[in-house]
Every structure is written in structure tokens, then in C-alpha cells.
Amino acid sequence: MSETTHDSAPPRDVPLAELAARHGLSVSGARPSLPGYVRQLWGRRQFIVAFSQAKLAAQYSQAKLGQIWQVLTPLLNAFVYFLIFGLLLGGRGGMENDEYIPFLVIGVFVFTFTQNSVMSGVKSISGNLGLVRALHFPRASLPISLSLQQLQQLLFSMVIVLVIALGFGHYPSWLWLLVLPALALQLVFNTGLALFFARLGSATPDLAQLMPFVLRTWMYASGVIFPLRHMVEEKDDWPSWVDPSLLADILAANPAAVYMDLVRYALMDGTFAESVPMITWLYALGWALVVGVGGFVYFWKAEERYGRG
Amino acid sequence: MAEQDIPAGGADEARIPTVIADDLHIVYRVHGGGGRGTATAALRRMVRRERGYKMREVHAVRGVSFVAYRGEAIGLIGSNGSGKSTLLRAIAGLLPPERGRVYTDGQPSLLGVNAALMNDLTGERNVILGGLAMGMTRDEIKHRYQDIVDFSGINDKGDFISLPMRTYSSGMQARLRFSIAVAKEHDVLMIDEALATGDKKFQRRSEAKVRELRAEAGTVFLVSHNNKSIRDTCDRVLWLEKGELIMDGPTDQVLKAYEEETGK
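Reference entry: report on the structure contained in this document. Everything numeric here is computed off the predicted structure, so don't read it as measured data. (Residues numbered from 1 in each chain as written. Chains lettered and ligands numbered in written order. Predicted model: local features only at pLDDT ≥ 70, side-chain atom pairs only at ≥ 80, totals over all residues.)

Some words on the overall build of chain A
The condition that has to hold: Put simply, DSSP H or I for four residues or longer makes a helix, DSSP E for two residues or longer makes a strand, and each gets a number counted from the N terminus. Each radius of gyration is computed over the set of C-alpha atoms, and the globule rule expresses the reference value as 2.2 Å times the number of residues to the power 0.38. Counts of 20 or more other C-beta atoms within 10 Å of a residue's own C-beta define buried residues, counts of 12 or fewer define exposed ones, and intermediate counts define partly exposed ones; C-beta atoms are placed from the backbone.
When you go through chain A residue by residue, the secondary structure sums to 14 helices and one strand. Here the C-alpha radius of gyration of chain A, 24 Å, is well above what a compact globule of 309 residues would show, namely 19 Å. In terms of overall dimensions, chain A has a C-alpha envelope of 90 × 55 × 40 Å along the principal axes. A buried classification covers 42% of the 309 residues belonging to chain A.

See the structure below:
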């Protein structure tokens, strides 16, 4: 740059925006393009994984049994549900214990995966404001990292599920491998949902209070503790305009039911597993794509606004 | 009121701006502030549609403009709550401006890693987590790990780095945080005073480290209530009061006016 031209005149002579443009300065905190954002996230993959593992490890670090609780917590959960819904209440739709208990435990754990992803997504920005206000990183790292934490939690739970399935005489076959694509699709779906709710929750922290009720309603409408189709079609006092089998189809196409049923299909033998239609895989793929991509784009659109308020 | 046109040393020509703030306004929105905190009071406010149950706004930075150049060390002074730390965060792009813009050359970084650390984890894991949070890679961290631990002096009194951070004394925690924070190289570096803690020996060590960082970084911002450390390290000073830029100029001039105003 020449020393004699007006190029670097003192700021009072030039609008500041022009001065910035002249020297190639960029707006601080501006939202990157979508491909640029994906690249930034990929660059932070080590942080995303380390953060999820750190969160998981910190969870039980004060307990005397330490990380054993990772497995103990889901086991106790399964036991409580068995006690209440297996022994005390009916509602098992003609399944014997050896089919009902794996059915129940898979349902509870798979739904918990989605449920916890949503809840940690809601709080991912508002609960980490200190981090958001102190360091620079693509904000989507937080909800994605917390979804990964839930995935690791689920993998511990799946150990219990496998033990229970074996214990009730559902023996390993090649079908068991189908658990992997089912859970992978669910992870994409959950992450999209977590991103979606992370943006909502950053603007409206009250959602953290409201969501447990919404999620519990969703759980009952998805056939976690009873076979959905059986319950809907058995009930004979529907008003005349309701077509029970259509209603059952709609409920069975909802994402929570879809992923649950696929894992059941993969791991269990018996009549319920055989009744899961193949179209469920299409639903699983569709939900993962729509919610995964949609949630990501929706979150990215507000990238520069996280951290205010 | 703002005397923006006083250059801070060096010729006007051929200076390369690294940070430009253009009429910057920052507003915080606080939920649940104001009014009584009871449920009935909140309900009454909702029914009467009174303002205040929603949120309160805090206008922390009001129309600040300045240009910072490469090689400058700029001090920020002003009483508590005058908007110094907020201004730094806005420059770093961490707080979205209400109005106005900040232009920067590269990514300015705030010397602060506290928020990424977890007290339930060991010091060792926190070094890695903090480094990753600042954008370092695992290899870089592995490379610098021993330096970080040595600089913090955590292991001087036995193997503390493998204990959870919550078992550290507050001084030890602060030292580890500082050591992690300074492990990375920065283009535009911003230092908030709160970081420089620990005992006399560690303070001397961290002051030396800050000077070293200043030599490496393009531009340094320093928030401090210690006029001596501003005088020692900065060649230009911005004086903020109630979010407004009162004065911008060479260190001696601004500090003199500041000291007269505050009656020191």
C-alpha cells in the first residue's frame, strides 16, 4: 500500500464500513454459509466427541459405584417397569412374559433415547450459556454432542436389552445386526430434533418445563408399554368417524413407534416382531432425513443469535 | 465526547486495521428480572399485562466506535459494569450486536476457557477438553500437554493432575484454567483481568506469559482495574463509562483524565 494515497487515511475521513471492506475485514460473529458451517463442525469433531464423553463421565463421578451406574440405572428402570406393567397391570395384548418383557424393555430404552435427546437439546444452549459466551465454535456442536452422549447411554442400555432377550429365549440371529441401521437412523432423527428444540429452547427456556409433559403424551401414544395396534383395534367404543385400523397405521408411522418397532423386529422372535411391516424401514429413513436435515438447517439459521439474553 | 481521532503512536499511513467497531450497541435481555418473585405476583402481572414479567433489557454498550491496528496493545478501563467485558465479547463475535457492527481480521479470541471445564473431571481430561474447546487438535494438545501442566505448577506438590478438579483449591483451579487458556496462539487476543490469579509467584509467571502472547498476537486488548499493569503493557486506552466511550487515546493522556475523574 502506498504511503501517499488516501488509501489508509485516518478513520474520521472514511466511513468505517468502507475502511473494513478496504482491508478485507469480515463481520465478527456473522453466520457462515451452510457448507462452511458443515466444514466448521467437521473441524470440531474431536471436541464434539470429547464433550459428550466428558458429560457422560461427569454424570456419575460423585457416586461411589461410579460408572457402574451407567448399566445399573437402565437395569433398575427395566425392573420398575416390569414390576408395574408386567406384574401389577395387564395391557400386554396377549403376550406372555417371555415376549412381553423384552418388548417392554426395548420400548422403554429406545424411547428414552429420543426423550433424553430432546430434553438435553432444549437445554443445550440455555444450559451452556457460559460456554457459548466465552468461546467460539459452531453452536450446533452442543446439541449434536449431547445427542451423542445419549447414544452412548443407550449403548449401555442395549447391553441389558441383549441380556434380557437372551434370558427369555430370543436367540441371536443375523437379524440382530439390523439393530445397527435402526439405531443409526434414530440417532440422525434425534439429533435433528435436538437441534430443532435447541433453537426453540434458547429463545424460550420455559420449554424445559413444558416438554416432559409433551414427551410423556408422546410415549403413551407410541406403544412403549403396550402393543399399539392391539390396543387401538381392540377398543370397541370408537366414535363412528374413527377408523381404528387407519388410526393404528398413523400411530405406528410416528417416529418414536417406528424406531422402537424396528429394534423389536431385529431382536425378538414371536408374533409381535412378525407383525412389524417392512414399510417401517421407509418411515425410519424418511423421518431421519426430514428431521435430521430440517433441524440442522433450522438451527443454523439462527447461528449468530445464540448467546444473547 | 469521544476523541476517536487521536492516533496511538506510529504514522497514520500504512497502518493495518485489525478490529473495527462501528456504532456498536449491545443489549442483554434478562428473564425474570424485576418485580416480586412470587407466583401470585407473576400471575397478577400476566393478567394485567404489565411490562416486567417478560424481561428487562440492559443496554450494556451504547454506540462505541473505534479502529484498532496491528501491533497495538489496547487497555480498557472504566468502573465495574461499564461494559468492558461485554465489549470484548462482542469483538470476539460471541454476543450478537443489537445495532452496529464489528469487523475483524481473522478470529479474535477471548482468553477464557473456564466455561468448557468440568469440575467433576480430572485435571488431565480438562486440559484435553479445554484445548479442544478452544479449537486445538488432539495432536496439538498432546504436544503441549506437559508444558501446560508444568506451567500450572499443579504437579509441584504431588500428582494432582489425575484428581478431579473439584478437589483443587480455588488458586490451583485458577492456575490450571489460565495455563490451558494461554496454550493456544491467537491473532487478536483479549484478556479479561479476572484470569490473572494465583499466588505472587504464579502472577509473575502469568504476566511474563501475557507479554509473550502480546509479542505473538497481532493486537491485544486488556481489561484491567490495575492502572499500573495498563501503563506497563498498553500504548492506547479506551475509557468506557455506562457503555459509552468517554475517551480514546494514548495511555498517559487517558489514564490522567481517568485518575482525575475518579479522584485517585
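Digging into the sheet that holds strand β3 (residues 73-77) of chain B
Sheets are built from strands paired through backbone hydrogen bonds, the pairs being either parallel or antiparallel. Residues and elements named next belong to chain B. Formally: We call two strands paired when DSSP finds no fewer than two bridges between them.
Pairing within the open sheet is mixed, and its six strands lie in the order β5-β6-β7-β3-β8-β9. Whereas interior strands pair on both sides, the edge strands pair on one side only; in this sheet they are β5 (109-110) and β9 (244-250). Bridge analysis of β3 against strand β8 (residues 236-241) gives four bridges, and the strand direction is parallel. Note on β8: the bridge partner recorded for Gly75 is Val237.

Things to note about the packing of helix α5 (residues 97-126) of chain A against helix α7 (residues 141-167) of chain A
Residues and elements named next belong to chain A. Definition in use: In this analysis an axis means a line fitted to C-alpha atoms, helices contributing only their contacting stretch, and an angle means the value between N-to-C directions, from 0 to 180 degrees. Roughly parallel here means an angle under 35 degrees, roughly antiparallel means over 145, roughly perpendicular means 65 to 115, and every remaining angle is called oblique. Crossings are assigned a handedness: left-handed for a near helix turned anticlockwise from the far helix by less than a right angle, right-handed for a clockwise turn. Placing C-beta atoms from the backbone, we regard two residues as in contact once those atoms come within 7 Å.
Relative orientation of the contacting elements α5 and α7 amounts to 165 degrees, with a least axis distance of 9 Å. The orientation of α5 with respect to α7, classified from their angle, is roughly antiparallel. You can see that α5 and α7 cross each other, and the crossing is right-handed. Contact residues: Ile101, Pro102, Val105, Ile106, Phe109, Phe113, Asn116, Ser117, Ser120, Gly121, Ser124 and Ile125 in α5; Leu142, Pro143, Leu146, Ser147, Gln150, Leu154, Ser157, Val161, Ile164 and Ala165 in α7.

Focus: the nonpolar core
Just so we agree on the cut-off: The term nonpolar core means buried Ala, Val, Leu, Ile, Met, Phe, Trp, Tyr and Cys residues held together as one set by C-beta atoms within 7 Å.
Ranked by internal contacts, the top residues of the largest apolar core, which has 156 residues, are Tyr259(A) and Val263(A). The element best represented in this core is α5(A), accounting for 15 residues.

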